[in-house]
Amino acid sequence: MVLIAHDNKKKELLDWAVLHSNKLADHELYATGTTGKLLERETGFKVTCFESGPLGGDMQAGAHIAEGKLDLVLFFWDPLAAQPHDPDVRALLRVAVVWNVPLACNRASADFLISSPYFSCEYKKK
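Read on for an overview of the structure. (Residues numbered from 1 in each chain as written. Predicted model: local features only at pLDDT ≥ 70, side-chain atom pairs only at ≥ 80, totals over all residues. Heavy atoms only, no water.)

**A few points about helix H3 (residues 33–43)**
Here is the rule we go by: Summary of the burial criterion: residues with accessible area below 20% of their type's maximum are buried, those above 50% are exposed, and those between are partly exposed, where the area comes from a 1.4 Å probe applied to protein chains only. Helix and strand assignments follow DSSP, with helices taken as H or I runs no shorter than four residues and strands as E runs no shorter than two, numbered in order from the N terminus. Two residues qualify as a contact provided that any one of their heavy atoms is within 4.5 Å of a heavy atom in the partner residue.
Among the residues of H3, those classed as buried are Gly-33, Thr-35, Gly-36, Leu-38, Leu-39 and Thr-43. Each element contacted by the buried residues of H3 is listed here: strand S1 (2–5), helix H1 (10–19), strand S2 (29–32) and strand S3 (47–50). Directly beyond the C-terminal end of H3, a positive phi value near 80° is found at Gly-44.

**Points about the nonpolar core**
Put simply, the rule reads: Nine residue types can take part in a nonpolar core, namely buried Ala, Val, Leu, Ile, Met, Phe, Trp, Tyr and Cys, and a core is a set of them joined through side-chain atoms within 4.5 Å.
Counting 21 residues, the largest nonpolar core has Met-1, Leu-3, Trp-16, Leu-24, Leu-39 and Leu-74 as its most contacted members. Put simply, the parts of the chain that give this core at least two residues each are S1, H1, S2, H3, strand S4 (73–76) and helix H6 (107–114). In contact with Leu-39, not counting residues within four places along its chain, are Leu-3, Leu-14, Ala-17, Ala-31, Gly-44 and Val-47. Listed in part, the 15 residues of the second largest apolar core include Ile-65, Phe-75, Leu-92 and Val-95.

**A closer look at the packing of aromatic side chains**
The condition that has to hold: Ring geometry is summarised as follows: Phe, Tyr and Trp rings, the Trp one being its six-membered ring, pair when their centres sit within 6.5 Å, and such pairs are stacked at plane angles under 30 degrees, edge-to-face over 60 and tilted between the two.
A complete count under the given rule lists two aromatic pairs for this structure. The interplanar angle of 20° and the centroid separation of 5.6 Å between the aromatic rings of Tyr-30 and Phe-50 together place this pair among those described as stacked. Linking Tyr-30 in strand S2 with Phe-50 in strand S3, this pair joins segments that are 20 residues apart in sequence. Look at Phe-50 and you get buried, because its relative accessible area is 8%.

**Remarks on the packing of H1 against H6**
This is how it is decided: Lines fitted to the C-alpha atoms define the axes, with helices restricted to the stretch that makes contact. Angles between their N-to-C directions range from 0 to 180 degrees. By the definition adopted for this analysis, an angle is roughly parallel if under 35 degrees, roughly antiparallel if over 145, roughly perpendicular if from 65 to 115, and oblique otherwise. Crossing handedness follows the turn of the near helix against the far one: under a right angle anticlockwise gives a left-handed crossing, and clockwise gives a right-handed one. Amino acids outside the nonpolar list (Ala, Val, Leu, Ile, Met, Phe, Trp, Tyr, Cys, Pro) and the charged list (Asp, Glu, Lys, Arg) are all regarded as polar, and Gly is one of them.
For the pair H1 and H6, interaxial distance at closest approach is 11 Å and the crossing angle is 20°. The pairing of H1 with H6 is recorded here as roughly parallel in orientation. In terms of crossing hand, the pair formed by H1 and H6 is right-handed. Across the interface between the two elements, Glu-12, Asp-15, Trp-16 and Leu-19 of H1 pack against Arg-107, Ala-110, Asp-111 and Ile-114 of H6. Looking at the contact of H1 with H6, its residues break down into four nonpolar, no polar and four charged.

**Brief notes about the layout of surface pockets**
Filter applied, for reference: With a 1 Å grid laid over protein atoms only, a set of points is called a cavity when a 1.4 Å probe fits there but cannot get out and a pocket when it is open yet has protein on both sides within 12 Å along at least five of seven lines; lining residues have an atom within 4 Å of a point. Grid points are joined across faces, edges and corners, and a volume is the space filled by probe spheres set on the points.
There is about 440 Å³ of room inside the largest pocket. Lining the largest pocket are 19 residues, and of these Asp-71, Leu-72, Pro-102, Tyr-118 and Tyr-123 lie nearest its centre. Taken together, the residues of the lining of the largest pocket break down into twelve nonpolar, three polar and four charged. Size it by volume and the second largest pocket reaches roughly 220 Å³. Along the wall of the second largest pocket there are 19 residues; nearest its centre are Ala-5, His-6, Asp-7, Lys-10 and Pro-54. For the lining of the second largest pocket, the elements supplying multiple residues, two or more each, are S1 and H3. At three residues, the largest contribution of residues to the lining of the second largest pocket is made by H3. Considered class by class, the residues forming the lining of the second largest pocket number five nonpolar, ten polar and four charged.

The values are spatial; any link to function lies outside them.
The structure is reproduced here in structure tokens:
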């Protein structure tokens, strides 16, 4: 699973991760740049960090999806802030949909995903 958050959404993602740390503990966690370092500090989990999003981290996450190495994307993105790497953000969202990978873009959808019975078992994608 990969966790990504734009600057204005980092606190929201961190709060969510701490709240659900008992369920996240059973998963291999990836994250982009600063988000990964913050997650490690706040949760104590080992997080494999990609580059920062603007430096290619979103594209690294997308490549891992295409290689079958990531099975869930939590991307708390900020639709109200201009992002210099917006094409990379759109590419990551696109590849998640193409590869049928569950994708949460806000706290509500993340809550639905983590409360699903599929969160704690292997999901056979068709």
